[in-house]
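Report on the structure
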Amino acid sequence: MNKITIAIDGYSSTGKSTVAKQVAKTLGYIYVDSGAMYRVVTLYAIQKGLISTDDFNKEALIYQLGNIEISFQFNPVLGFAEAYLNGVNVEKRIRTLEVSGYVSKIAEVSEVRRKLVAIQQQMGEDKGVVMDGRDIGTVVFPNAALKLFMTATAEERAQRRYKELLERGDRVTYEAVLKNVTERDYIDTHREDSPLIKAKDAITIDNSNLTLEGQYEKILQLVRLTLEDEE
Ligand code: CDP
């Protein structure tokens, strides 16, 4: 059977990665979390003191981009690949609300995007990949066989992310999470370079009222139809 590329884009905390992982596992495809790469660059910027609440030394970050080596290593216990920054496992550290607070500013920088898009395109070279993010169907893989655009209400998404962060032991408030979700949506949809927009040929999935299972079934059906079309 021919392998295809599946691009899943959408707003923050829409459950893109959950469904992308499920679909990749079912098909035996590689799952790539492109947002994790932007988060790794953000963590680097924080660690080097290049970004804080009132300052962002963009030039220094661009200058140091060559020092940032991003990799993924599959963790068989967790069942997914964890993110590494210069050989150090940073999977937990990149998921904090602190990193979420800066990541969209980092993702506005064209030089950062160029570097990460090149890595992403290389990872998807042989197809058989499910990648989620903001510009996968529009910029990274404009020829993807199946493009999904995921959305849900901001409140529903903030609620889900709030629960997730609490479960990880992060002490956050619902209000702070909702603020982060709406701020990132704004920056991600308004930036000049590769803003989050629905690709013309993408299928919208509003999962505000869908269970995880319902969403998975719906998407798997679309995947099956696409695979039949490709035969
Ligand atoms: O998990 P969540 O949906 O909240 O976000 P993410 O997928 O981890 O992405 C974090 C941030 O990285 C987004 O808010 C975007 O600013 C940026 N991003 C991007 O610009 N392009 C991508 N392809 C993926 C993420």
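For the structure, see preceding data.
Thresholds, definitions, all that
- Residues numbered from 1 in each chain as written.
- Predicted model: local features only at pLDDT ≥ 70, side-chain atom pairs only at ≥ 80, totals over all residues.
- Heavy atoms only, no water.
- Phe/Tyr/Trp six-rings, centres within 6.5 Å; stacked < 30°, edge-to-face > 60°.
- Helix = DSSP H or I, 4+ residues; strand = E, 2+ residues; numbered from the N terminus.
- Near = heavy atom within 4 Å.
- Polar contact = N/O pair within 3.5 Å; in protein donor to acceptor, adjacent residues only side chain to side chain.
- Areas by Shrake-Rupley, 256 points an atom, 1.4 Å probe, with all protein chains shown as cover.
- Buried < 20%, exposed > 50% of the residue type's maximum accessible area, 1.4 Å probe, protein only.
- Contact = heavy atoms within 4.5 Å.
- Core = buried A, V, L, I, M, F, W, Y, C linked by side-chain atoms within 4.5 Å.
- Pairing = 2+ DSSP bridges.
- Axes fitted to C-alpha atoms, helices over the stretch in contact; angles between N-to-C directions.

Describing the packing of aromatic side chains
Summed over the entire model, instances satisfying the criterion amount to two aromatic pairs. Taking the centre distance of 5.8 Å and the plane angle of 75 degrees together, the rings of Tyr-11 and Phe-149 count as edge-to-face. Taken as a pair, Tyr-11 in the loop between strand 1 (5-10) and helix 1 (16-27) and Phe-149 in strand 9 (residues 146-151) lie far apart in primary sequence, 138 residues in all. Ring geometry for Tyr-162 and Tyr-174: centres 6.0 Å apart, planes at 80 degrees, overall edge-to-face. Note that Tyr-162 is positioned in helix 7 (residues 154-167) and Tyr-174 in helix 8 (residues 174-190), a separation of 12 residues in sequence.

Some words on the site of the ligand
Around the ligand there are 19 residues in total, and Arg-39, Arg-113, Asp-135, Arg-184 and Asp-188 lie nearest to it. Here Ser-13 contributes a backbone N or O atom positioned 3.0 Å from an oxygen atom of the ligand. A distance of 2.9 Å separates an oxygen atom of the ligand from a polar side-chain atom of Arg-191. For the ligand, the accessible surface in isolation is 530 Å², of which the surrounding protein chains cover 96%. Among the elements of the structure, helix 2 (34-47), helix 4 (97-106) and helix 8 are those that each provide at least two residues to the shell around the ligand. Sort the elements by how many residues they give to the shell around the ligand and helix 2 lands first, with four residues.

A few points about the environment of Leu-116
Position of Leu-116 among the secondary structure elements: in helix 5 (residues 110-123). Taking the relative accessible area as the measure of exposure, Leu-116 reaches 0% and is therefore buried. For the pair Leu-116 and Ala-60, spaced 56 residues apart in the sequence, the C-alpha separation amounts to 17 Å. Those residues in contact with Leu-116 that sit more than four places away from it in its chain are Met-37, Tyr-38, Val-41 and Ile-70.

Overview of unusual backbone geometry
In the Ramachandran plot, Asn-86 falls in the positive-phi region, its phi being about 45 degrees despite a non-glycine side chain. Of note, Asn-86 is situated in the loop between strand 6 (80-85) and strand 7 (88-89). We note that Ser-194 has phi near 50 degrees; this positive angle belongs to a residue other than glycine. One can find Ser-194 in the loop between helix 8 and strand 10 (203-206).

Some points on the side chain of Asn-207
Along the chain, Asn-207 falls in the loop between strand 10 and helix 9 (212-230). Separated by 2.7 Å, the side chain of Asn-207 and the backbone oxygen of Thr-14 make a polar contact. Among residues more than four places away in sequence, those in contact with Asn-207 are Thr-14, Met-150, Thr-151, Ala-152, Arg-160 and Gln-215.

Section: the nonpolar core
Membership of the largest hydrophobic core comes to 37 residues, with the highest contact counts inside it found for Val-41, Leu-61, Ile-68 and Val-112. Going through the elements one at a time, helix 2, helix 3 (58-64), strand 6, helix 4, helix 5, strand 8 (129-133) and helix 6 (136-140) are the ones with two or more residues in this core. Looking at this core, the element that brings in the most residues is helix 2, giving nine residues. Sequence-distant contacts of Ile-68, defined by excluding residues within four places in its chain, comprise Val-41, Tyr-44, Leu-61, Leu-85, Asn-86 and Lys-115. Residues Ile-4, Tyr-29, Tyr-31 and Val-223 belong to the second largest nonpolar core, which totals 20 residues.

Considerations on the sheet that holds strand 7
Note on sheets: strands pair through backbone hydrogen bonds, and any given pair is parallel or antiparallel. Pairing within the open sheet is antiparallel, and its three strands lie in the order 5-6-7. Whereas interior strands pair on both sides, the edge strands pair on one side only; in this sheet they are strand 5 (70-75) and strand 7. Bridge analysis of strand 5 against strand 6 gives six bridges, and the strand direction is antiparallel. What sits directly across from Phe-74, in strand 6, is Ala-81. Most of the contacts of helix 2 go to strand 6, to which it runs at about 30 degrees, and overall it touches strand 5 and strand 6.

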